[in-house]
Every structure is written in structure tokens, then in C-alpha cells.
Amino acid sequence: KPKSIFVNYSAIILAFLSGALWGSRDNIRNSKEQTSLLVFTNLMAISAWLLLIASHLSNLLLLISVILLGLAFFAIYLMEVFYMVIPPGYKALRRLLTLIVIISHFSLFVGLTGVRCAPLFSIFLRWPLSTLYARGKDFTKERCATENFI
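**Quick word on the overall build of the chain**
Within the chain, the secondary structure is distributed over seven helices and zero strands. Counting helices and strands in the order they occur from the N terminus, the chain gives α-α-α-α-α-α-α. A total of 150 residues make up the chain; the buried ones form 32% of that total. A sequence separation of at least 24 residues applies to 59% of the contacts in the chain between residues at least 6 apart. With the model as given, the accessible surface of the chain reaches about 9500 Å², and the carbon-plus-sulfur share is 68%.

This is how it looks when you write it as C-alpha cells:
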């Protein structure tokens, strides 16, 4: 399944980025910050593994995993920005790549739920609610319930 491949790849990359950040702890002088970084990176790697497992258990856990993985990539980016001395060019590249990753996760989440079952996303996608409800039966609770998302 393509969605499983996406989540698997996402979890692997998150664990890799956590390991790369963990390896750079020697560049930090403050031992308290070193400890914080070590705890954070280990939590991210373990979270990636747990989300990978959870994503295969049910549709709801798959949705939760997709969102949490996207948020974890943002958290890794923030840790790099605040704890690391990185060149401006690399910082801009990481910002762009992180944005692409977050948009990809958000897009998969919307695709899995189906905009028909999530009118709230119409606000984010700038679609008027009237056009969503104009389609009629596609937006009913019965439709969403058959998709196992309620």
C-alpha cells in the first residue's frame, strides 16, 4: 500500500535525522543542553518506531501516526535551529525541506480522511463550506462512518 510505504519511509527518515542530531551533541558546550538533546533525539527515534507499528494497526492510528510524524519533523527542525550552529544556506534548505515534508504529511492526512469526511479542512484549503455541502450525500455521517473514520 502506498500509504504504508510513505509512513514507513517517514519513520525511517525521522529516526535517521534524530540520530544525526544526536551525533552532533559534542558541539554543544552546556551539559544541560547536551542532556536535553540526547533525551529529545532518543524520544524522537523511539516515537518513530512506535508510530510505525501503530500505523499498521488501524485506520485511526494511521491518521494519528501521519500527523504526529509530520509534527516530529517540525520538532527536529526546531531543535536543529535552536541547538546547532548551522550555516544560513543549510538552514534555508532545511526550512524548505521541512515545509515540503509537513505539506506531504498534511496532504496524506487529508487524502486518507477524504475532504468529504472532514469539512474542517475546507477552511485550511480555502474552499467555501457551501461547495462542500452542495455535493449532498458524500458529506453525510453515513459516508464517513463507512470509511471507518468516525
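Picking up after the structure, the text goes on.
**Points about helix α4 (residues 88-113)**
The end-to-end C-alpha distance of α4, which contains 26 residues, comes to 37 Å, matching closely the 38 Å that a straight helix rising 1.5 Å per residue would cover. What α4 keeps buried is the set Arg-94, Thr-98, His-105, Leu-108, Phe-109, Val-110, Leu-112 and Thr-113.

**What about the side chain of Ser-55?**
Mapped onto the elements of the fold, Ser-55 is located in the loop between α2 (31-54) and α3 (59-83). We classify Ser-55 as buried; its relative accessible area is 7%.

**As for the nonpolar core**
In terms of nonpolar packing, the biggest core is built from 22 residues, with Leu-14, Leu-21, Phe-40, Val-66, Leu-69, Ile-76 and Leu-112 touching the most fellow members. If you tally residues by element for this core, the top one is α3, at eight residues. In contact with Ile-76, not counting residues within four places along its chain, are Leu-14, Leu-17, Ser-18, Leu-21, Phe-40, Met-44 and Arg-94.

**Topic: the side chain of Arg-94**
In this fold, Arg-94 is placed in helix α4. A relative accessible area of 8% places Arg-94 in the buried class. For Arg-94, the residues in contact, after removing those within four places along its chain, are Leu-17, Ile-76, Tyr-77 and Glu-80.

**Observations concerning a nonpolar patch on the surface**
A cluster of nonpolar side chains, Ile-46, Trp-49, Leu-50, Ile-53 and Leu-57, forms an exposed patch at the surface whose accessible area comes to about 540 Å². Overall, the relative accessible area of 39% leaves Ile-53 in the partly exposed class.

**A look at the packing of helix α1 (residues 2-23) against α4**
Between α1 and α4, the shortest axis-to-axis distance is 12 Å and the interhelical angle comes to 150°. Taken together, the axes of α1 and α4 lie roughly antiparallel to each other. As α1 runs across α4, the sense of the crossing is left-handed. Facing α1, whose interface residues are Lys-3, Phe-6, Ser-10 and Leu-17, α4 presents Arg-94, Ser-104, His-105, Leu-108 and Leu-112. Split by residue class, the contact of α1 with α4 holds four nonpolar, three polar and two charged.

**Observations concerning the confidence of the model for the chain**
Residue-level pLDDT values for the chain average 77, and 73% of them are 70 or greater. Summarising per-element confidence for the chain, the mean pLDDT is lowest in helix α6 (residues 129-133) (43) and highest in α3 (91). With pLDDT under 50 throughout, residues 117-146 is counted as low confidence; its partners more than four residues away or in other chains account for 34 contacts.

**A closer look at the packing of α1 against α2**
Running from N to C, α1 and α2 point in directions that differ by 165°, and their axes come no closer than 9 Å. Between α1 and α2, the angle falls in the class roughly antiparallel. Read as a crossing pair, α1 and α2 show a hand that is left-handed. Counting all contacts with α1, which are made through Val-7, Asn-8, Ala-11, Leu-14, Ala-15, Ser-18, Leu-21 and Trp-22, the residues of α2 involved are Leu-37, Leu-38, Phe-40, Thr-41, Asn-42, Met-44, Ala-45, Ala-48 and Leu-52. Residues belonging to the contact of α1 with α2 are distributed by class as follows: 13 nonpolar, four polar and no charged.

Reading the values: rules and limits
- Residues numbered from 1 in each chain as written.
- Predicted model: local features only at pLDDT ≥ 70, side-chain atom pairs only at ≥ 80, totals over all residues.
- Heavy atoms only, no water.
- Helix = DSSP H or I, 4+ residues; strand = E, 2+ residues; numbered from the N terminus.
- Buried < 20%, exposed > 50% of the residue type's maximum accessible area, 1.4 Å probe, protein only.
- Contact = heavy atoms within 4.5 Å.
- Areas by Shrake-Rupley, 256 points an atom, 1.4 Å probe, with all protein chains shown as cover.
- Expected span 1.5 Å × (residues − 1).
- Core = buried A, V, L, I, M, F, W, Y, C linked by side-chain atoms within 4.5 Å.
- Patch = residues over 30% accessible without salt bridge, like charges linked within 9 Å, V, L, I, M, F, W, Y side chains within 5 Å.
- Salt bridge = Lys/Arg side-chain N within 4 Å of Asp/Glu carboxyl O.
- Axes fitted to C-alpha atoms, helices over the stretch in contact; angles between N-to-C directions.
- Parallel < 35°, antiparallel > 145°, perpendicular 65-115°, else oblique.
- Left-handed = near helix turned anticlockwise from the far one by under 90°.
- Nonpolar A, V, L, I, M, F, W, Y, C, P; charged D, E, K, R; others polar.
- pLDDT = per-residue confidence, 0-100.

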